[in-house]
Amino acid sequence: MWALLVLIGAASVSAHLQDLSFDGQKVFRVIPQNDEQVEILNFLARIMEVDFWQPDSVTLVRPKMQVDFRVEAEKTFKVEDLLKESGMEYQVLIDNLQAALDAQFDSQARTSSHSYVKYNNWDTIADWTADIAAQNPDLVSRSVIGNTYEGRPMYLLKLGKSGANKKAIFMDCGFHAREWISPAFCQWFVKEAVETYGKDSAMTTLLDKLDFYVLPVVNIDGYVYTWTNDRMWRKTRSKNSGTSCIGTDPNRNFDAGWCTLGASDYACSSTYCGSAPESEKETKALADFIRGHLSTIKAYLTIHSYSQLLLFPYSYSYKLPSNYQELNSIAKAASEELASLYNTDYTYGPGATTICKY
């Protein structure tokens, strides 16, 4: 089985948000030129709360790497002073995060129905999974692979024409709660599949010969929380023993290089790996499903944002996988196809080394 992590950009769509304000918060972009400047960023992360967007952990920062990070409004002057004092060139990428969030809403009008061009809350997505299966019974079926920490069902859609001995591709979206464009992509993919089957030869062949398992939102509890409480929430919503800090980074909770490169064992960190591998109900449900279907699942795609990257194993190690040449050729071909449509430039390669070069 081959795996590919796709990071995509953002979109301009509508939503209703909670009252929590990000007014005055800034997003900085820096490119540290040497180890000394990398250490300045590590120092920043130690003395204040810094939300790293790219890469998503300060432990992954290397010289010559583009680094984007968010800081609280009251800390922005201190950060700018420290950057100036260190001689590190910087750019204020987003001057007011709340204004940027407000600007992504193309309409304040909101209906309760599902939309492919506006962000949908979880209840709307859940209803959509039932509707899309009911409307396309020959192509789509819905099942539940588990329940979240807060008890929400994890709906999985299976796309494909019925047939014997079919292989499958597994795709998931919404690992990190605030990456709303990710679940939106999974919904759009399902829409395109059912609407173009029988019309587009490539999609028809795919669904005739393969099944697609699509998990529209992995981290449902966190996704709900971004709608009701904190738009920038990233982790799950599980309680951690011995601390008031909530949640685990589900992407770092798998039993594969657990709690190593890029992960944190500090429960308050946004990259907290959890108390044990697969400690999160969401992660375990996903892993159990894939383990139970290893004979048929031949590829695993996971959709994230922010960046334009096509990543394949490994992200927890600099070691190359045994099928590196095959994975690299697949990612290269996919990157070229993406560029042929809209001149979109996707960088590709093994996760650990490619993120450090991006």
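Here, residues in each chain are numbered from 1, in the same order as that chain's written sequence. In keeping with the model being predicted, local features are shown solely for residues with a pLDDT of at least 70 and side-chain atom pairs are shown and tallied solely at 80 or more, while totals for entire chains, interfaces and linings include all residues. Heavy atoms throughout the structure, all of them, feed into the side-chain values; hydrogens and water do not.

Student: Explanation requested: the environment of H176 in the structure shown.
Tutor: Counting from the N terminus, the helices are the DSSP runs of H or I reaching at least four residues and the strands are the DSSP runs of E reaching at least two. In this structure, H176 sits in the loop between β8 (167-173) and α5 (181-196). When the C-alpha atoms of H176 and W233 are compared, they prove to be 8.1 Å apart, with 57 residues separating the residues in sequence. Under this definition, polar contacts are N or O atom pairs within 3.5 Å; protein pairs additionally need one hydrogen-donor-capable and one acceptor-capable atom, and for neighbouring residues in sequence, both atoms have to be side-chain atoms. Separated by 2.7 Å, the side chains of H176 and D249 make a polar contact.

Student: When you look at the sheet that holds strand β2 (residues 26-30) in this model, what are you seeing that I'm missing?
Tutor: Strand pairing in a sheet relies on backbone hydrogen bonds. The paired strands run either parallel or antiparallel. Strand order in the open sheet made by the four strands is β3-β4-β2-β5, with antiparallel pairing throughout. Only two strands of the sheet have a single neighbouring strand rather than two, namely β3 (50-54) and β5 (90-94). Each strand axis lies, on average, 30 degrees off the axis of its neighbour in the sheet, ignoring direction. Two strands form a pair only when DSSP identifies at least two bridges running between them. Where β3 and strand β4 (residues 67-71) come together, four bridges link them in antiparallel fashion. Bridge pairing links V50 to V71 in β4. Lying on the sheet, helix α1 (residues 35-47) is in contact with β2, β3 and β4; it crosses β3 at an angle near 135 degrees. Contacts between residues were defined by any pair of non-hydrogen atoms, one from each residue, lying within 4.5 Å. As a rule, the C-alpha atoms of each element are fitted with a line to give its axis, helices using only the stretch in contact, and angles between N-to-C directions run from 0 to 180 degrees. Contacts from helix α2 (residues 76-86) reach β2, β4 and β5 within the one sheet, and its direction differs from that of β2 by about 15 degrees.

Student: Looking at this structure, I do not really get the packing of aromatic side chains. What am I missing?
Tutor: Between two aromatic rings, the relevant description is the distance of the centres plus the angle of the planes. Stacked, edge-to-face and tilted are the three classes for Phe, Tyr and Trp ring pairs, Trp counted by its six-membered ring, which pair at centre distances within 6.5 Å; planes under 30 degrees apart are stacked, over 60 edge-to-face, the rest tilted. On inspection of all chains with the given rule, the structure shows 20 aromatic pairs. A centroid spacing of 5.5 Å and a plane angle of 80 degrees characterise the contact between W53 and Y306, whose relative ring orientation is edge-to-face. Remark: Y306 occurs in the loop between β10 (297-304) and β11 (309-312) and W53 occurs in strand β3; sequence separation between them is 253 residues. For W53, a relative accessible area of 17% puts it in the buried group. Residue classification places Y306 among the partly exposed positions, given a relative accessible area of 28%. A centroid spacing of 5.3 Å and a plane angle of 50 degrees characterise the contact between Y314 and Y316, whose relative ring orientation is tilted. Burial status follows relative accessibility: with a 1.4 Å probe on protein chains alone, a residue under 20% of its type maximum counts as buried, one over 50% as exposed, and anything between as partly exposed. A residue is classified by how much of its surface remains accessible, and Y314, at 22% relative accessible area, is partly exposed. The exposure class assigned to Y316 is partly exposed, which follows from its relative accessible area of 32%. Each residue in the set F28, F52, F69 and Y90 is aromatic and connected to the rest through ring pairs, giving one cluster. Its guanidinium or amino end placed over the ring of W188, K191 lies 4.1 Å from that ring's centre, counting from NZ or CZ. Charge-over-ring contacts are defined here by two conditions on Lys NZ or Arg CZ: a distance within 6 Å of the ring centre and an angle within 35 degrees of the ring normal.

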